[in-house]
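# Fold and contact review
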Amino acid sequence: MYLCFVYIFEYYNLKDIGISLNDKYLFDYDKVKNILTISKNEEYADGFWPSNVQSLTAIVGNNGAGKTNFIRFILRAVVNGSGEHSPKGILVYSDNAGNMHYYSAENIEVRSLLGDVKVVKLSRPLGIECFYYGSNFNPLSSLSDILSVELSGMSNGCDGWLLLHDLQYYANLNSSGGIYSLRDYVNAYYSQNQLRMALFIKEFYGILDEEHIKIPRYILLTPNLSGYRAFQLERREIYEKLPSNNMRKVDDLKESRLLEIIYYSVINNIRDNRYGVDYGISILNGWISMVESQDTSFSVFDLFSAFVDNNVEYNNDAFLRELKRIIFCIDRLFSIEGEALNIYIDISEKEGAKRFDDFVSAAYDSRSFLTGRFFDLICAHDTWGSVSLSSGEQLILNLFSRLHYFQETLPNTIDNLHDPQLIILDEGENGLHPEWQRKYISILMDYIQKRGAKGKYQIILTSHSPIILSDIPKRCTNFLERDGNGITVNVKDEQEETFATNIFDLYRNSFFLKDGLMGKFAESKIRYILDCIEQKRTVVYPNLRKLIETVGDKHIQSFLITKLGEVDTDQTIELLQKQIDRLKKKKGNE
């Protein structure tokens, strides 16, 4: 089932407002007569989106217009676990056969102009599996807010939810008891976010169009220092008891990295209170002593296996046995060659992708295994980690790795989870450079298309970016704004076409910028210059000349020069002379 139309009778600041979610149809609700008319949209262009995209709809508007409240209404209505069985509105769905189904909180008449298409009345809204991603970070939101939770039939990819949820799910622990520190939650979130990203790049390296996004080639594995740093910052008395990591360095860099992983993993276990401090330190001292007795060339895995297996107490230690298994997996599946400073897997190679699959299957086999205890994964463009991901790459990969995780990874591992067909992106472009915003819809379409025939997806996104809007036709867009009474209205019919429209023309549209294209601070400086000229404040004229030189718009600058010339010829001559000098210099460089 796919949502086609929503009419909200009343929900927060949304009242008597209709929003179309499928441009194949036109919907007209007459509130006075209680009649909903459904007809074909003659402007609909078949095949506009990829074949596995049912529809894409944008909800745009200024802050406070009601975009996010509309998303809340949708989630309350279609998420099975929301407990909302009678939302105050009308919801119209279409099925795979093209038939229409509708729910209404009030008795309405539905008139279909769709020929033989069946129209079926529902007693309650239909549930739809959905994925929700929002850029707003607020882990302390009320649990009554559906954007801050994850209910049956809903996958929540927001930072706030995952920060709370990752520790609980991956540690297989009840993390709501208040016994974990913020550091524990952040470490689990960071580790699992890197895992999601690694799974995504392994799957889509060389698949997504590199013109849109360059997928990192390497997955680096580094020791996790969270416990060590926690003691260093919070428990100095324990930190000072820790034996030094200045163990004899082996000739092989990979073996050296394995030594570091063992050292810091044991400290993490002490920090997790799974070891007593004295017991954990005794393990470290025994292990370091064993390492120091070796030559510079030896197998860390073989030595650690002997350390664990030959000691009855250690052999019965579940953590050490688990750590031994992890070291074996890393030793077997990760490489370190050439100028690399970190052990890594190159997922551009077919064998590399297979080795990462094997690693994930082996290392993450135990539900009690929390990634942060043993290592960190880092997605990178090189093997020494000097080329870190830009903030834009990080945000894009965050979104798509989470979408892929909930669409592919979890449904393949948990029986009662399904691939969400409704994708809701609430201002997902926030924080992105304009160039990334320009590619946002292209990357989204490329990803959905490259996933293959997994079903058809409906996408609803909110935005206040004209850059995003230039990739979406007006017929697929709803424009929300508040009227003079503070009521949100949909002014879609009043807008010009948006698709393939020059972005600057969209910015000039009063829907986005009502008071011009200039920043308020710059505008105040221009007014200051004019006020000084009009009031003939001669003492500030030299400074005014410098301010006028900074104005980038040549028309405004010429106007200000002319105004200044009316009261101070000398300053104007100096400004004009500087312009002449710049033109001569430019001509000389050509």
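Here's a quick rundown of the structure. As the structure is a computational prediction, the values presented were derived from the model and not from experiment.

## Focus on the sheet that holds strand 12 (residues 218-223)
- Taken in spatial order, the three strands line up as 13-12-14 in an open sheet, and their pairing is antiparallel. Lying at the two open borders of the sheet, with one neighbouring strand each, are strand 13 (343-346) and strand 14 (375-380). On average, adjacent strands in this sheet sit at an angle of 25° to one another, irrespective of strand direction.
- The strands touched by helix 3 (residues 182-204) are strand 12 and strand 14; relative to strand 14, the strand with the most contacts, the crossing angle is about 45°.
- Lying over the sheet, helix 11 (residues 350-363) contacts strand 12, strand 13 and strand 14, oriented at roughly 120° with respect to strand 13.

## Describing the pattern of salt bridges
- A full pass over the atoms with the stated rule returns 21 salt bridges.
- Between Glu 260 and Arg 257 there is a salt bridge, with the nearest N and O atoms lying 3.5 Å from each other. Of this pair, Glu 260 and Arg 257 both sit in helix 6 (residues 253-271), three residues apart, which is roughly one turn of the helix.
- For Asp 309, the salt bridge goes to Lys 324, with nearest N and O atoms at 3.0 Å. Taken as a pair, Asp 309 in helix 8 (residues 300-309) and Lys 324 in helix 10 (residues 318-333) lie far apart in primary sequence, 15 residues in all.
- What makes Asp 309 partly exposed here is its relative accessible area of 36%.
- By sharing partners, the salt bridges in this structure join Lys 202, Glu 203 and Asp 357 into a single network.

## Comments concerning the packing of helix 10 against helix 11
- Helix 11 packs onto helix 10 with a crossing angle of 180° between their chain directions and a minimal axis gap of 10 Å. Put simply, helix 10 runs roughly antiparallel to helix 11. Here helix 10 contributes Arg 325, Ile 326, Cys 329, Ile 330 and Leu 333 to the contact with helix 11, which in turn contributes Arg 355, Asp 358, Phe 359, Ala 362 and Ala 363.
- Residues belonging to the contact of helix 10 with helix 11 are distributed by class as follows: seven nonpolar, no polar and three charged.

## Points about helix 1 (residues 67-78)
- Taking 1.5 Å as the rise per residue, helix 1 with 12 residues should run 16 Å; its terminal C-alpha atoms sit 17 Å apart, in good agreement.
- Burial within helix 1 is extensive, with nine of its 12 residues counted as buried.
- Taken as a whole, helix 1 has its buried residues at Lys 67, Asn 69, Phe 70, Ile 71, Phe 73, Ile 74, Leu 75, Ala 77 and Val 78.

## Digging into the nonpolar core
- Of all hydrophobic cores here, the largest spans 112 residues; its most connected members are Phe 200, Leu 221, Trp 287, Ile 330, Phe 356, Phe 359 and Leu 425.
- It is helix 3 that contributes the most residues to this core, 10 residues altogether.
- For Trp 287, the residues in contact, after removing those within four places along its chain, are Met 247, Leu 259, Ile 262, Val 300, Leu 303, Phe 304 and Phe 307.

## Digging into the environment of Leu 113
- Relative to the assigned elements, Leu 113 resides in the loop between strand 8 (109-112) and strand 9 (119-121).
- Classification of Leu 113 by relative accessible area gives exposed; the value is 58%.
- The spacing of Leu 113 and Gly 338 is 225 residues in sequence and 69 Å in space, taken between C-alpha atoms.
- Excluding anything up to four places from it in sequence, Leu 113 contacts Thr 37, Ile 38 and Ser 39.

## Description of the sheet that holds strand 15 (residues 422-426)
- Pairing in this open sheet of seven strands is mixed, and the strands run 11-10-15-16-5-17-18 from one edge to the other. Only two strands of the sheet have a single partner each, and these edge strands are strand 11 (154-156) and strand 18 (488-490). Averaged over all adjacent pairs, the angle separating strand axes in this sheet is 20°, with direction ignored.
- Pairing of strand 10 (residues 130-134) with strand 15, which is carried by five bridges, proceeds in the parallel orientation. Residue pairing for strand 15: Gly 134 is matched across the bridge by Asp 426.
- Strand contacts of helix 1: strand 5 (53-61), strand 10, strand 11, strand 15, strand 16 (457-463) and strand 17 (477-482), with the helix running at about 155° to strand 15, the strand carrying the most contacts.
- Contacts from helix 13 (residues 434-450) reach strand 5, strand 15 and strand 16, with the element oriented near 165° to strand 16.

## What about the pairing of strand 4 (residues 35-40)?
- The pairing of strand 3 (residues 25-30) with strand 4 spans six bridges and is classified as antiparallel. Looking at the pairing, Tyr 29 lines up with Leu 36 of strand 4.
- Here strand 3 hands over to strand 4 after four residues, with Asn 34 in that stretch at a positive phi of 60°.

## Describing the packing of aromatic side chains
- Enumeration over the complete set of coordinates arrives at 30 aromatic pairs.
- Linked through ring pairs, Phe 200, Phe 204, Phe 400 and Tyr 447 together constitute an aromatic cluster.
- Over the ring of Tyr 405 we find Arg 196; its NZ or CZ atom is 5.8 Å from the centre of that ring.
- One cation-aromatic arrangement involves Lys 525 over Tyr 528; the distance from NZ or CZ to the ring centre is 6.0 Å.

## Concerning helix 18 (residues 554-565)
- Relative to the 16 Å expected for 12 residues at 1.5 Å per residue, helix 18 spans 16 Å between its end C-alpha atoms, a close match to the ideal helical length.
- Looking only at helix 18, the buried set comprises Gln 557, Leu 560, Ile 561 and Leu 564. All buried residues of helix 18 lie within an arc of 105° about the axis, which places them on one face of the element.

## Focus: the environment of Phe 27
- Mapped onto the fold, Phe 27 is located in strand 3.
- In the structure, Phe 27 is positioned 14 residues away from Asn 41 in sequence and 9.2 Å away in space, judged by C-alpha atoms.
- Phe 27 has contacts with Cys 4, Phe 5, Ser 20, Asn 22, Leu 36, Thr 37, Ile 38, Val 92 and Met 100, leaving out every residue within four places of it along the chain.

Conventions adopted
Residues numbered from 1 in each chain as written. Predicted model: local features only at pLDDT ≥ 70, side-chain atom pairs only at ≥ 80, totals over all residues. Heavy atoms only, no water. Pairing = 2+ DSSP bridges. Helix = DSSP H or I, 4+ residues; strand = E, 2+ residues; numbered from the N terminus. Axes fitted to C-alpha atoms, helices over the stretch in contact; angles between N-to-C directions. Contact = heavy atoms within 4.5 Å. Salt bridge = Lys/Arg side-chain N within 4 Å of Asp/Glu carboxyl O. Buried < 20%, exposed > 50% of the residue type's maximum accessible area, 1.4 Å probe, protein only. Parallel < 35°, antiparallel > 145°, perpendicular 65-115°, else oblique. Nonpolar A, V, L, I, M, F, W, Y, C, P; charged D, E, K, R; others polar. Expected span 1.5 Å × (residues − 1). Core = buried A, V, L, I, M, F, W, Y, C linked by side-chain atoms within 4.5 Å. Phe/Tyr/Trp six-rings, centres within 6.5 Å; stacked < 30°, edge-to-face > 60°. Lys NZ or Arg CZ within 6 Å of the ring centre and 35° of its normal. Arc of directions from axis to C-beta.

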